Amino acid sequence: MTQQPLFKIGLIINSFAGLGGSVALKGSDGADTAQRALALGAEPKAPLRVKQALSVLLPYQSQLHFVTGSAGLGATVLQELGLSHEVIYTPSAEQTGPEDTQQLAQRLAELDDIQLLLFAGGDGTARDICAVYPEQRPVLGIPAGVKIHSGVYAISPTAAGKVVEQMVRGQLTSVLQADVMDIDEEAFRAGTVRARRYGEMLVPAELQYVQAVKMGGRESDELVLADIAAEIIEGMDDDTLYVMGSGSTVAAIMEDLQLPNTLLGVDLV
C-alpha cells in the first residue's frame, strides 16, 4: 500500500501583530511600538489565532508537516498542538522583527515542496512576505493585525483552517491573485489614512473564506466587525466609563479588549 505524501506547509507567525491597536497606538509598526504596547498591558494575539486556525487541521495531523522558524515564529505553537514540524530559521535576537519574517520567508522560498505558505499578522506582515516570496507560489494569511486591508487574508482564523483543510483533502486546487495593501501608520497616528498597493500574491480561490474587500468590493461581516472594534478601541480613554450593551458588534469589541462579555445584559468598562 502506497503511503500518501505529506502536505507540507510553511508557517510564519508575527507574534507582535496587532499589539498596538488594543492599547490605542494605532498599529504595531515601528521598532519601539511593540515594547510600548507590552508596557501598556497588550497581550500577543497572533499565537492564539494561529491555534484557532490549526485546530481545524488536527484530524489530519498524520498528513501534515510544517516548516517554520523557532519559538514564537511558529515552533512553539506547533509543539503545543503536537503537529509535525521542522525548524529552518532561528532569529539572532529574542524579539523578532520584520527582518526575521523576511528571512524565514526567503528560506521557505528555497524549498520546492512547500505547498502553501501560511502566515499570521497584519498588512505589514503581508507586505514583508510579498517583498521576498515568489509571486507564483500560493500563500494564505491568518488575520491577527489591528486592521486588514490586503486581500490575502482569510476572513477569520477558523476560515483559514477550513481553506487549508480543503486543500489537504484535494477539494481546492485553483488560485487567484490578491492585492497586498498597507497604510502609513505614522500618518494614520497623525490623523491621515494613506494606503497604497505593494504587490500581489497568489491565494486559494475560496471566496467564501478569503477576504474580498480589496478584490471584489464585497465586505464580510467578520471584517466589518473587526474594523469597527479597532476603531472604537483606538478612541477609548482610560478615564472614561463605557457601558457595553448586547449584540455582535459589542461582542467583537469586548473580544478584542480580551474582556468577558455579557450576552444578554450590559457590562461597564
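Residues numbered from 1 in each chain as written. Predicted model: local features only at pLDDT ≥ 70, side-chain atom pairs only at ≥ 80, totals over all residues. Heavy atoms only, no water.

Draft legend 1. Structural detail: the overall build of the protein. Summing up its helical and strand segments, the protein has nine helices and nine strands in all. When the 269 residues of the protein are sorted by exposure, 50% land in the buried category. For the protein, the share of sequence-separated contacts (at least 6 apart) that also reach a separation of at least 24 residues comes to 63%. Carbon together with sulfur atoms contributes 49% to the accessible area of the protein, which is approximately 12900 Å² in total. (Helix = DSSP H or I, 4+ residues; strand = E, 2+ residues; numbered from the N terminus. Buried < 20%, exposed > 50% of the residue type's maximum accessible area, 1.4 Å probe, protein only. Contact = heavy atoms within 4.5 Å. Areas by Shrake-Rupley, 256 points an atom, 1.4 Å probe, with all protein chains shown as cover.)

Draft legend 2. Spotlight on the sheet that holds strand β4 (residues 116–121). One open sheet accounts for five strands, arranged β3-β2-β1-β4-β5; its pairing is parallel. Each of the sheet's edge strands pairs with one partner strand only, and the pair in question is β3 (85–89) and β5 (139–143). Within this sheet the neighbouring strands show an average axis-to-axis angle of 25 degrees, counted without direction. Contacts from helix α6 (residues 157–168) reach β1 (7–13), β2 (64–69), β4 and β5 within the one sheet, and its direction differs from that of β5 by about 155 degrees. (Pairing = 2+ DSSP bridges. Axes fitted to C-alpha atoms, helices over the stretch in contact; angles between N-to-C directions.)

Draft legend 3. Representation of the packing of helix α4 (residues 98–109) against helix α5 (residues 123–130) within the structure. Here α4 crosses α5 at 45 degrees, and the two axes come no closer than 8 Å. If you check the angle between α4 and α5, you find them oblique. Both α4 and α5 take part in a crossing whose hand is right-handed. Of α5, the residues touching α4 (which contributes P98, T101, Q102 and A105) are T125, D128 and I129. Counted by class, the contact of α4 with α5 contains three nonpolar, three polar and one charged residues. (Parallel < 35°, antiparallel > 145°, perpendicular 65-115°, else oblique. Left-handed = near helix turned anticlockwise from the far one by under 90°. Nonpolar A, V, L, I, M, F, W, Y, C, P; charged D, E, K, R; others polar.)

Draft legend 4. Seen up close, the pairing of β3. With four bridges joining them, β2 and β3 adopt parallel strand pairing. Looking at the pairing, G69 lines up with Y89 of β3. Note on the crossover from β2 through helix α3 (residues 75–81) to β3: the handedness is right-handed. (Right-handed = clockwise from strand over helix to strand, strands pointing away.)

Draft legend 5. Quick look at a nonpolar patch on the surface. Together, L241, V243, V266 and L268 line one region of the surface with nonpolar side chains, adding up to about 430 Å² of accessible area. Within the secondary structure, V266 sits in the loop between α9 (248–256) and β9 (267–268). We classify V266 as exposed; its relative accessible area is 54%. (Patch = residues over 30% accessible without salt bridge, like charges linked within 9 Å, V, L, I, M, F, W, Y side chains within 5 Å. Salt bridge = Lys/Arg side-chain N within 4 Å of Asp/Glu carboxyl O.)

Draft legend 6. Just the confidence of the model for the protein, in detail. Taken as a whole, the protein shows an average pLDDT of 83; of its residues, 79% reach a score of 70 or greater. The model gives residues 213–220 a pLDDT under 50, and that stretch makes 18 contacts with residues more than four places away or in other chains. (pLDDT = per-residue confidence, 0-100.)

Draft legend 7. Quick peek at the packing of aromatic side chains. With the rule as written, the count across this model stands at one aromatic pair. With 5.4 Å between their ring centres and 75 degrees between their planes, F119 and Y153 make a pair best called edge-to-face. Separated by 34 residues along the polypeptide, F119 in strand β4 and Y153 in the loop between β5 and α6 bring together distant segments of the chain. Exposure remark for Y153: the relative accessible area of 0% places this residue in the buried category. (Phe/Tyr/Trp six-rings, centres within 6.5 Å; stacked < 30°, edge-to-face > 60°.)

Draft legend 8. How the structure looks around the packing of helix α2 (residues 46–55) against α6. With their axes 7 Å apart at the nearest point, α2 and α6 run at an angle of 40 degrees to one another. Taken together, the axes of α2 and α6 are oblique relative to one another. Here the hand of the crossing between α2 and α6 comes out right-handed. Along its contact with α2, which presents R49, Q52 and A53, the element α6 presents P157, A160 and G161. Taken together, the residues of the contact of α2 with α6 sort by class into three nonpolar, two polar and one charged.

Draft legend 9. Spatial organisation of the pattern of salt bridges. For the structure on display, the rule yields seven salt bridges. Put simply, D256 and K45 hold a salt bridge, and the shortest N to O gap is 3.6 Å. Of the two residues, D256 is situated in helix α9 and K45 in the loop between α1 (33–39) and α2; the sequence distance between them amounts to 211 residues. The pair D256 / K45 is uniform in exposure class, with both members buried. Note that E200 and R197 form a salt bridge whose closest N and O atoms lie 3.1 Å from each other.

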